[in-house]
Amino acid sequence: MIQATDLAKVYGAKTAVDGVTFTVQPGRVTGFLGPNGAGKSTTMRMIMGLDAPTRGTVTVNGAPYQKHRAPLREIGALLEARAVHPGRTAYSHLSALAATHGIPSQRVNEVIEMTGLGAVAKKKVKGFSLGMGQRLGIAAALLGDPQVVVLDEPVNGLDPEGVVWVRNLVKYLASEGRTVFLSSHLMSEMAQTADHLIVIGRGRILADAPIDDVISSQGKARTRVRTDHPEEFSRLLARSGVTIQAPEREVLEVGGLDPRTIAQTALDHQILVYELTPLQASLEEAYMQLTKDDVEYRSHDASHYEEPPASSPSGALGTKTPNQAQEATR
Amino acid sequence: MSTAVQTNRRSAVPQERLAGPNFLRVLNSERIKLLSLLSTRILLLCGVVLLVGFAALQAWGIGQVTTNVQNGGATGPRAEALDTTSAVLHLPAGGVSFAQLIVGALAVLMISSEFTTGMSRATFAAVPTRWPVLAAKGVYAAVVGFVLTYVGAYIGGLVAQPILANYNLHLDMASGEVQRFMLLNAAYVAAVALMGLALGALLRNSAGAIVTLVALLFVLPIIFQLIPGDFFTEARKYLPTNAADAMFEAGSSSALNTAYLEPWQGTLVLVAYVVALLGAGFVTLRQRDV
């Protein structure tokens, strides 16, 4: 278990982590999600005792990292940047780390096999691809068979096979009752891997909840309707509090009405409807909603995500935006 | 529930599986790190080659001058000033002023490369108390500095012997004076290695720390010599290289050089440099974020 209490890190004038409080529970994969520069890596370095907190505390299995007699056996970490001397072989790198805890060479070979580094174990790390470097980092994290595993951006640079491997590995580790804390800025990865989400933005916790709750609390449930008469039907559905969009011809996405009401309206007006699908908001949308004010390095073109309906001028009227209307009638 | 799982898992394994870092284990880890790098082997080889090469070159040079003097060819001040006996006895450690740089650079790299490569994150996550890492590196830096200098000088002496024999000169490697000078030089290079290690821990930058070490050992003495005034003449005595020159006179049968401190003073000054720099290195390592 990892417990952070009012944890803060200030570098000069810049506050990297601004008093975060959270608990990472054992037995499940906890995702640590946030835009670049949100404070994920700094938080993880503080967990590992590498950076001293400016304020607050963080404990691993009940004690600060430095207080553990055998830290590698309590918590293993893959931190963002490569933590390897490129002139060393993977085997000697792991052996040197293992030696500090008296871990036998048999275990070194075990993690090398487990991470699929067998063929390159005796080669210098210099020639490793990004993916192999990540595998070596994960091997180092697992060396002490730790109860807590912290992985900073573990799928970075991995090929699709490696991504699936990491996904299965972290789920397996969690199923063994271990604490798994996984950071990423890839929402799709989190959606498939994490059970619980901690969302961080500009050094503050924005959400700390099961992944389904994060999605449902932020995204608005909508219904996709397919009909031969989208214009007429949208006119019939339009009322206060209802948003209707037409992403493509003959398709409407209706927010603010449940599928039953939509079906009833169609029946009442004898309009043929041949699809009625409840749409779950994606993690992407939920995440964008959560972090839209907290992105440290925002690109100028921020239009790739949907504005909240309340702030769009057409939202109040409950009708389509001009663009979408045009598209629908084409 | 999960704690129960954990306890079961743990109680099933022998106690030694729960072992954590102690100084011996860190020493072992640092040995693996030091020996697994090609750069270590290259630098060690360079150091030995330099010491041996210098000894051979000096043997040849001394022989040439001696022959010239005997033939009455050269009677210049250089030939007069040359104390052949002393020169031959000190010949094995002749390359130390250059070998110290190689050992110093190696010691700098032992710690600075941890920070430049990011290895430091793995190292100090494994040993969160941090000081044993620097202490273990210190042990190896000092041992490598001492052994390399002594072994290099010894081989250098052996290589010089047949060259000297051509000029009817004799070098007895077992003589007290030869051993005394070699051992003191070896101790000096060990001190330089510790200073390099400390600078590496302080600056965390390979180039910066090596340049600082070179400045301390080579540039400052020259600057102090160039600036006129009694202050700099006096202050020069306290520079590491000049303090070492004083230390090299310890146990010597010949008259002491008045330009240096007393041998014991020189030794203390040198030790003070090592202690001050290493102390600062330990404090920095503990307080600064990795």
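Definitions and cut-offs
- In this convention, every chain numbers its residues from 1, walking through the sequence in written order.
- Chain letters and ligand numbers both follow the written order, the letters beginning at A and the numbers at 1.
- Whole-chain, interface and lining totals are the exception, using all residues; otherwise, since this is a predicted model, local features are given only for residues with pLDDT of at least 70 and side-chain atom pairs are given and counted only at 80 or more.
- The basis for every side-chain value is the complete set of heavy atoms in the structure, and neither hydrogens nor water enter the calculation.
- Numbering of helices and strands runs from the N terminus, with a helix taken as a DSSP run of H or I at least four residues long and a strand as a DSSP run of E at least two residues long.
- Partly exposed residues are those whose accessible area sits between 20% and 50% of the maximum for their type, while under 20% is buried and over 50% is exposed, using a 1.4 Å probe and protein chains only.
- In what follows, a contact means two residues having at least one pair of non-hydrogen atoms within 4.5 Å.
- Surface accessibility follows the Shrake-Rupley procedure with a 1.4 Å probe radius. Residue values consider only the protein chains on display as shielding.
- UniProt positions are given in the numbering used here, feature names are shortened, and annotations may be inferred rather than shown by experiment.
- Each residue gets a pLDDT score, which is the predictor's confidence in that residue and runs from 0 to 100.
- We define buried area as the total accessible area lost by two parts upon association, computed with a 1.4 Å probe and summed across both.
- The working definition used for a salt bridge is a side-chain nitrogen of Lys or Arg within 4 Å of a carboxyl oxygen of Asp or Glu.
- Criterion used throughout: strands pair if DSSP finds at least two bridges between them.
- Angles shown run from 0 to 180 degrees and are taken between the N-to-C directions of axes, each axis being a line fitted to C-alpha atoms and, for helices, limited to the stretch in contact.
- Under the pairing criterion, centres of Phe, Tyr and Trp rings, with the six-membered ring standing for Trp, must be within 6.5 Å; the plane angle then separates stacked pairs below 30 degrees from edge-to-face pairs above 60, leaving the rest tilted.
- Only Lys NZ and Arg CZ are tested; either one counts as a charge over a ring when it is within 6 Å of the ring centre and within 35 degrees of the ring normal.
- Note that the term roughly parallel is reserved for angles under 35 degrees, roughly antiparallel for angles over 145, roughly perpendicular for angles of 65 to 115, and oblique for everything else.
- Handedness of a crossing is defined here by the sense of rotation of the near helix relative to the far one, left-handed for an anticlockwise turn of less than a right angle and right-handed for a clockwise turn.

An unreviewed UniProt entry lists chain B under the name ABC transporter, with Sinomonas humi given as the organism.

A word on the overall build of chain A. Secondary structure assignment for chain A yields 12 helices and 13 strands. Taken over 330 residues, chain A has a buried fraction of 53%. Within chain A, contacts between residues separated by at least 24 positions form 70% of all contacts whose residues are at least 6 apart in sequence. Only carbon and sulfur atoms are counted for the fraction: they give 51% of the accessible area of chain A, which is about 14,600 Å².

Further remarks concern the UniProt feature "transmembrane region" (unreviewed entry) in chain B. Residue and element names in this part refer to chain B. UniProt's feature table lists "transmembrane region" (unreviewed entry) at residues 42-62, 87-111, 139-161, 181-202, 209-227 and 264-285, given in the numbering used throughout. For the annotated span residues 139-161, helix accounts for 100% and strand for 0% of the residues, and the straight-line distance between the end C-alpha atoms is 33 Å. Secondary structure content for residues 264-285 is 100% helix and 0% strand, while the C-alpha to C-alpha distance between its ends is 31 Å.

The predicted model of chain B has a mean per-residue pLDDT of 89, with 90% of residues at 70 or higher. The low-confidence segment residues 1-15 of chain B (pLDDT under 50) makes 10 contacts with residues lying over four places distant or belonging to another chain.

This part covers the interface of chain A and chain B. Listed per partner, the contact involves 41 residues of chain A and 35 residues of chain B. Interface area for chain A against chain B, summed over the two sides, is near 3,100 Å², with a carbon-plus-sulfur share of 54%. Summed over the three residues of chain A that lose the most area to chain B, namely Leu50(A), Arg88(A) and Thr100(A), the buried surface amounts to 20% of that side. There are one salt bridge connecting chain A and chain B. Of the charged contacts, one joins Lys9(A) and Asp289(B) as a salt bridge, the two residues approaching to 2.6 Å between their closest N and O atoms.

Residues and elements named next belong to chain A. Taken in spatial order, the six strands make up an open sheet running S5-S6-S7-S3-S8-S9, and their pairing is mixed. Looking at the sheet topology across the chains shown, the edges are occupied by strand S5 (75-78) and strand S9 (204-210). Strand-to-strand twist of the sheet, defined as the mean angle between neighbouring strand axes without regard to direction, takes the value 15°. Direction of pairing for strand S8 (residues 196-201) relative to S9: antiparallel, over a ladder of six bridges.

All names here are of chain A. This model, assessed by the stated rule, comprises 17 salt bridges over all chains. A salt bridge links glutamate 161 to arginine 135; its shortest N-O distance comes to 3.9 Å. Remark: arginine 135 occurs in helix H5 (residues 130-142) and glutamate 161 occurs in helix H6 (residues 160-175); sequence separation between them is 26 residues. A relative accessible area of 56% places glutamate 161 in the exposed class. Judged by its relative accessible area of 13%, arginine 135 is buried. Ionic pairing is found between arginine 178 and aspartate 145, a salt bridge with its closest N-O pair at 2.8 Å. Pair noted here: arginine 178 is in the loop between H6 and strand S7 (179-184) and aspartate 145 is in the loop between H5 and strand S6 (148-152), with a separation of 33 residues, a long-range link.

Residue and element names in this part refer to chain A. An order of S2-S1-S4 is seen for the three strands of this open sheet, with the pairing classed as antiparallel. Every other strand in the sheet has two partners, leaving strand S2 (14-24) and strand S4 (55-60) as the edge strands with one partner each. Along the sheet, successive strands turn relative to each other by an average axial angle of 20°, direction set aside. Pairing of strand S1 (residues 2-11) with S4, which is carried by five bridges, proceeds in the antiparallel orientation. Looking at the pairing, threonine 5 lines up with threonine 57 of S4.

A few words on helix H3 (residues 90-100) of chain A. Buried residues dominate H3(A), accounting for 10 of its 11 residues. All buried positions along H3(A) are accounted for by Ala90(A), Ser92(A), His93(A), Leu94(A), Ser95(A), Ala96(A), Leu97(A), Ala98(A), Ala99(A) and Thr100(A). Looking at the buried positions of H3(A), the neighbouring elements they touch are helix H2 (71-74), helix H4 (105-114) and H5 of chain A together with helix H2 (23-35) and helix H7 (119-126) of chain B. Directly beyond the C-terminal end of H3(A), a positive phi value near 60° is found at Gly102(A).

Here we take up the packing of aromatic side chains. Aromatic ring pairs: the centre-centre distance and the angle between the two ring planes describe each pair. Residues and elements named next belong to chain A. If you walk through the whole model with that rule in mind, you get 11 aromatic pairs over all chains. Members of the aromatic cluster, joined through ring pairs, are Phe22, Phe32 and Phe181. Its end group placed over the ring of tyrosine 91, lysine 122 keeps NZ or CZ at 4.0 Å from the ring centre. Directly above the ring of tryptophan 165 sits arginine 135, whose terminal nitrogen or CZ lies 4.8 Å from the centroid.

A separate point is helix H1 (residues 40-47) of chain A. All names here are of chain A. Within H1, eight of the eight residues are buried, which leaves it mostly tucked inside the rest of the structure. Three or more residues of H1 are buried, namely Lys40, Ser41, Thr42, Thr43, Met44, Arg45, Met46 and Ile47. Following H1 by one or two positions, glycine 49 has its phi on the positive side, about 70°.

With that out of the way, let us pick up the environment of Gly156(B). All names here are of chain B. Residue position: glycine 156 is located in helix H8 (residues 131-166). On a C-alpha basis, the gap between glycine 156 and glycine 94 in space is 9.0 Å, while along the polypeptide they are 62 residues apart. Discounting chain neighbours no more than four positions away, the residues touching glycine 156 are Val52 and Ala55.

Quick look at the pairing of S8(A) now. Residues and elements named next belong to chain A. Burial analysis of S8 places six of its six residues in the buried class, the great majority of the element. Burial along S8 is two-sided: His196, Ile198 and Ile200 and Leu197, Val199 and Gly201, pointing in opposite directions, are all buried. Pairing between strand S3 (residues 29-33) and S8: four bridges, direction parallel. By the bridge assignment, leucine 33 is partnered in S8 with valine 199. In this structure, the hairpin formed by S8 and S9 is closed by a connection of two residues, where arginine 202 is found at a positive phi of approximately 45°.

Turning to the packing of H5(A) against H6(A), a few remarks are in order. Residue and element names in this part refer to chain A. Here H5 crosses H6 at 15°, and the two axes come no closer than 12 Å. With respect to each other, H5 and H6 are oriented roughly parallel. In the packing of H5 onto H6, the handedness of the crossing is left-handed. Along the contact surface, H5 presents Arg135, Ile138 and Leu142, while H6 presents Glu161, Gly162, Trp165, Val166, Leu169 and Leu173.

A word on the packing of helix H6 (residues 96-117) of chain B against helix H10 (residues 206-226) of chain B. Residues and elements named next belong to chain B. Where H6 contacts H10, the two axes come as close as 8 Å, and the packing angle between them is 150°. Classed by the angle they form, the pair H6 and H10 counts as roughly antiparallel. Considering the relative orientation of H6 and H10, their crossing is right-handed. Contacts between H6 and H10 involve Ser97, Gln100, Leu101, Gly104, Ala105, Val108, Leu109, Ser112 and Thr116 on the former and, on the latter, Ser206, Ala209, Ile210, Leu213, Val214, Leu217 and Phe218.

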